[in-house]
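Below are the chains, spelled out letter by letter.
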Amino acid sequence: TYISHLTSHIFIWTEGGKRIGMGHVCRDIVIAKALKKKRCVPIFLINNDTAAVERIKNNGFKWFLADFNNKRIPENILRFSRPDVFLDTKKDITLIMDKLKDAGSRLILLDNTTNARLKADINIYPAAHFDFMNDLDWSDFKGKIYGGGDYVPVDEVFFKAREKAKGLNHSLPFKILVTMGGADPNNLTGMVVSALKNIKDDIEV
């Protein structure tokens, strides 16, 4: 419902690449596609990483270089009157959000647990396992909060593939797909695979 009140041009400020992975970029592209269907014009602000930029370009979206670490607002945003901005980072970008607020922006922050979340108009936590309401202090927050599995951005291609798939039948040994993004800089895939090796083979199906 909030999307219908956004301006026609919407900035999606995120980051990705070899060092931090492509999870933020990939889910933000899904969000951008949804915005485009609502006749909005998503414009990405992205750090200077070839892989991240190419992924955005290949999906047909406009982009400008911007880095959260610089702590300043790109001039491309300021050319628009009261620009709406999605921000997707785990960094404390309180200073950046203060400047955007001064420019009249409405702000949506994704998956951020720092004090920057208290500056957002909306916080979204796209994770089914995180108890964001009880694990964080919201006493000074005046905006809205959404979270849970229903808010995980999923590309339509996966829904279409599921519709075409036949009934799911399990047989031993289990075949499990483990994926932690394109880069997985923290080697989470290896940790999960190691843990799966310890599962007993006498599980009832």
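The preceding data block contains the structure.
Report on the accompanying structure. Since this is a predicted model, take the numbers as computed values, not measurements. (Residues numbered from 1 in each chain as written. Predicted model: local features only at pLDDT ≥ 70, side-chain atom pairs only at ≥ 80, totals over all residues. Heavy atoms only, no water.)

Moving on, we get to the packing of helix α1 (residues 23–37) against helix α2 (residues 50–58). Relative to each other, α1 and α2 sit at 15°, their axes nearing to 10 Å. The angle between α1 and α2 falls in the class roughly parallel. Relative to α2, α1 is oriented so that their crossing is right-handed. Of the residues in α2, those touching α1 at V25, C26 and I29 are A52, R55 and I56. Along the lines of polarity and charge, the residues of the contact of α1 with α2 split into 5 nonpolar, no polar and 1 charged. (Axes fitted to C-alpha atoms, helices over the stretch in contact; angles between N-to-C directions. Helix = DSSP H or I, 4+ residues; strand = E, 2+ residues; numbered from the N terminus. Parallel < 35°, antiparallel > 145°, perpendicular 65-115°, else oblique. Left-handed = near helix turned anticlockwise from the far one by under 90°. Contact = heavy atoms within 4.5 Å. Nonpolar A, V, L, I, M, F, W, Y, C, P; charged D, E, K, R; others polar.)

So, about the sheet that holds strand β3 (residues 62–65). Spatial strand order, β3-β2-β1-β4-β5-β6-β7: 7 strands in an open sheet with parallel pairing. Of all the strands in the sheet, just β3 and β7 (144–147) have a single pairing partner and so form its edges. Averaged over all pairs of adjacent strands, the angle between strand axes in this sheet comes to 20°, irrespective of strand direction. Of the pairings in the sheet, the one linking strand β5 (residues 107–110) to strand β6 (residues 122–125) comprises 3 bridges and is parallel in character. Within β6, the position partnered with I108 by the bridge is I122. Along the sheet, α1 makes contact with β1 (9–13), β2 (41–46), β4 (84–88) and β5, crossing β2 at roughly 160°. Contacts from α2 reach β2 and β3 within the one sheet, and its direction differs from that of β3 by about 160°. (Pairing = 2+ DSSP bridges.)

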